Amino acid sequence: MAAIEFNNLTKRYDSGIHGIHRLNLKVGDGELMVLVGPSGCGKSTLLRMTAGLEEVSSGEIRIDDRVVNHIPPQQRNVAMVFQNYALYPHMTVRGNLAFPLRMQKQPAMLIEERVRRIAEILDLTPLLDRRPKALSGGQRQRVAMGRAIIRKADIFLMDEPLSNLDARLRVEIRGEIARLQRQLAITTLYVTHDQAEAMTLGQRVAVIDRGLLQQVGSPQEIYERPANAFVARFIGSPGMNLIQSSLYRENGGIQLQLGPRRLPIPQRVLTDFPGLATHSEESVLVGIRPHAIHLSDTDSNETLPARVCTTEAMGHETIVHLDTALAIDNSHQARGDQTHLLVQLTGHHNFSAGEQLAIRIGIDDLCFFDSDGEAIR
Ligand SMILES: Nc1ncnc2c1ncn2[C@@H]1O[C@H](COP(=O)(O)OP(=O)(O)OP(=O)(O)O)[C@@H](O)[C@H]1O
Ligand SMILES: [Mg+2]
């Protein structure tokens with residue numbers, strides 16, 4: 001059992017690139033935290049520093065209140081599944097799984113029982129006598145994961161452990177990891193660039209971009225109240241639409257200019273977002289989730305015109321790409337150029353490219369960001 005704490009942690013590579021910049025984050029004892037962000041944002045760098053495989057440039061890593069910056073990897077009792085894992089080629093799957101326990105000189109009976117149990121969980125039982133070269137990429141990856149979780153480490157570090165698996169196995173093993181982690185209550189830092197994986201797996205999710213922590217919170221918190229425009233766009237499938245718009249003070253209230261329309265912001269929304277009052281007369285980014293945009297049969301002063309670009313039929317839902325004239329410039333004039341919006345509709349819908357539609361955007365479904373992209377609350 002162990003909590004992990006990063007204080008002002010920085011990794012600056014010799015090339016001058018910041019892998020991680022001034023990170024402050026705490027992973028609770030027994031917690032499963034998912035670290036998510038685009039390729040190159042510093043996820044592997046952070047895991048490797050935690051495991052002791054990468055030197056820290058400044059700041060500290062604490063495991064259970066002990067600064068471990070200079071503690072060698074073997075003494076950290078951390079099990080890591082690497083993004084580029086390696087198995088012992090001359091050993092069978094059974095041998096690979098058993099290896100960490102053999103090193104610990106565990107009794108043969110116990111080793112056999114643990115190998116049997118892990119093989120069952122990871123669907124490896126029929127493969128126990130094969131060597132790695134006779135396995136598919138996904139099967140090898142499961143062996144690598146089994147080898148990490150077979151020994152009872154204080155901390156699990158998992159670097160995209162499911163990236164080689166097909167969609168069905170991914171979902172299945174994701175469920176197993178969550179169940180196993182809860183059962184063993186081992187502090188886990190799990191890395192992925194897949195936001196859907198982060199949202200389904202994490203008790204809390206930490207979103208990173210270019211080495212900087214953007215937000216940490218429960219999946220629901222970061223989905224419903226993204227801290228900035230990056231998180232809004234990154235989380236969700238598809239991510240949030242962001243529209244350049246502006247706020248006006250008029251007749252004692254605040255109005256939102258959205259393309260050609262001026263929508264009064266009701267008092268309940270102003271109560272939810274008190275920050276809006278201090279941003280009136282400014283340009284803002286308005287965020288709306290693709291499922292919160294509705295199609296309307298009739299044009300009215302509450303709808304906006306849009307033109308279909310393409311549609312993606314997913315079976316249970318249809319994603320429609322639309323062009324709309326929603327952008328406005330700094331002098332609050334409609335610019336006339338096109339804003340691309342994604343709309344997510346339940347069920348199957350047929351539209352042809354170029355078709356004109358009317359869309360309705362509910363004012364209660366909006367998020368607001370200032371000109372720096374920070375959420376207005
Ligand atoms: N040994 C190194 N020397 C110099 N720069 C490095 C080194 N390792 C990583 N970097 C750089 O540091 C940044 C973070 O890399 P890192 O591998 O941590 O990203 P990541 O989030 O794990 O990406 P991915 O999702 O593609 O695995 C990148 O810009 C990368 O090019
Ligand atoms: Mg990586």
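Computed from a predicted structure; not experimentally measured.

**Focus: the packing of aromatic side chains**
Two aromatic rings are characterised by how far apart their centres lie and by the angle between their planes.
Next up, step 1: Overall, the coordinates contain 3 aromatic pairs when judged by the stated rule.
Next up, step 2: Between Tyr-88 and Phe-99, the aromatic rings sit 4.6 Å apart at their centres with planes inclined by 50°, giving tilted as the arrangement. A residue pair is termed long-range when its members are at least 10 positions apart, and Tyr-88 in the loop between strand 6 (78-81) and helix 2 (93-103) and Phe-99 in helix 2 qualify at 11 residues.
Next up, step 3: Looking at Phe-99, the relative accessible area reads 22%, which means it is partly exposed.
Next up, step 4: Note on Phe-230 and Phe-234: the rings are 5.5 Å apart at their centroids and 15° apart in plane angle, and the pair reads as stacked.

**Describing the side chain of Arg-114**
Next up, step 1: Note on placement: Arg-114 falls in helix 3 (residues 108-121).
Next up, step 2: In this structure, Arg-114 is buried with no salt-bridge partner, the nearest side chain bearing the opposite charge being Glu-113 at 8.3 Å.
Next up, step 3: Within polar-contact distance, the side chain of Arg-114 engages the backbone oxygen of Ile-150 at 2.7 Å.
Next up, step 4: In contact with Arg-114, not counting residues within four places along its chain, are Leu-101, Ile-150, Arg-151 and Lys-152.

**Regarding the layout of surface pockets**
Next up, step 1: By volume, the largest pocket is sized at about 570 Å³.
Next up, step 2: Lining the largest pocket are 22 residues, and of these Val-78, Ala-79, Met-80, Phe-82 and Arg-151 lie nearest its centre.
Next up, step 3: Those elements that provide at least two residues to the lining of the largest pocket are strand 6, helix 2 and helix 4 (137-149).
Next up, step 4: Approximately 260 Å³ is the volume found for the second largest pocket.

**Topic: the site of ligand 1**
Next up, step 1: Ligand 1 sits among Tyr-13, Ser-15, Ile-17, Ser-39, Gly-40, Cys-41, Gly-42, Lys-43, Ser-44, Thr-45, Gln-83 and Glu-160.
Next up, step 2: Tyr-13 is positioned with one of its side-chain polar atoms (N or O) 3.4 Å from a nitrogen atom of ligand 1.
Next up, step 3: The contact in question runs from an oxygen atom of ligand 1 to an N or O atom on the backbone of Cys-41, over 3.2 Å.
Next up, step 4: Residue composition of the shell around ligand 1, by class: 3 nonpolar, 7 polar and 2 charged.

So, how was this worked out
- Residues numbered from 1 in each chain as written.
- Chains lettered and ligands numbered in written order.
- Predicted model: local features only at pLDDT ≥ 70, side-chain atom pairs only at ≥ 80, totals over all residues.
- Heavy atoms only, no water.
- Phe/Tyr/Trp six-rings, centres within 6.5 Å; stacked < 30°, edge-to-face > 60°.
- Helix = DSSP H or I, 4+ residues; strand = E, 2+ residues; numbered from the N terminus.
- Buried < 20%, exposed > 50% of the residue type's maximum accessible area, 1.4 Å probe, protein only.
- Lys, Arg positive; Asp, Glu negative; His and termini not counted.
- Salt bridge = Lys/Arg side-chain N within 4 Å of Asp/Glu carboxyl O.
- Polar contact = N/O pair within 3.5 Å; in protein donor to acceptor, adjacent residues only side chain to side chain.
- Contact = heavy atoms within 4.5 Å.
- 1 Å grid on protein atoms, 1.4 Å probe; cavity = no way out; pocket = protein on both sides within 12 Å on 5 of 7 lines; lining within 4 Å.
- Points joined across faces, edges and corners; volume = space filled by probe spheres on them.
- Near = heavy atom within 4 Å.
- Nonpolar A, V, L, I, M, F, W, Y, C, P; charged D, E, K, R; others polar.

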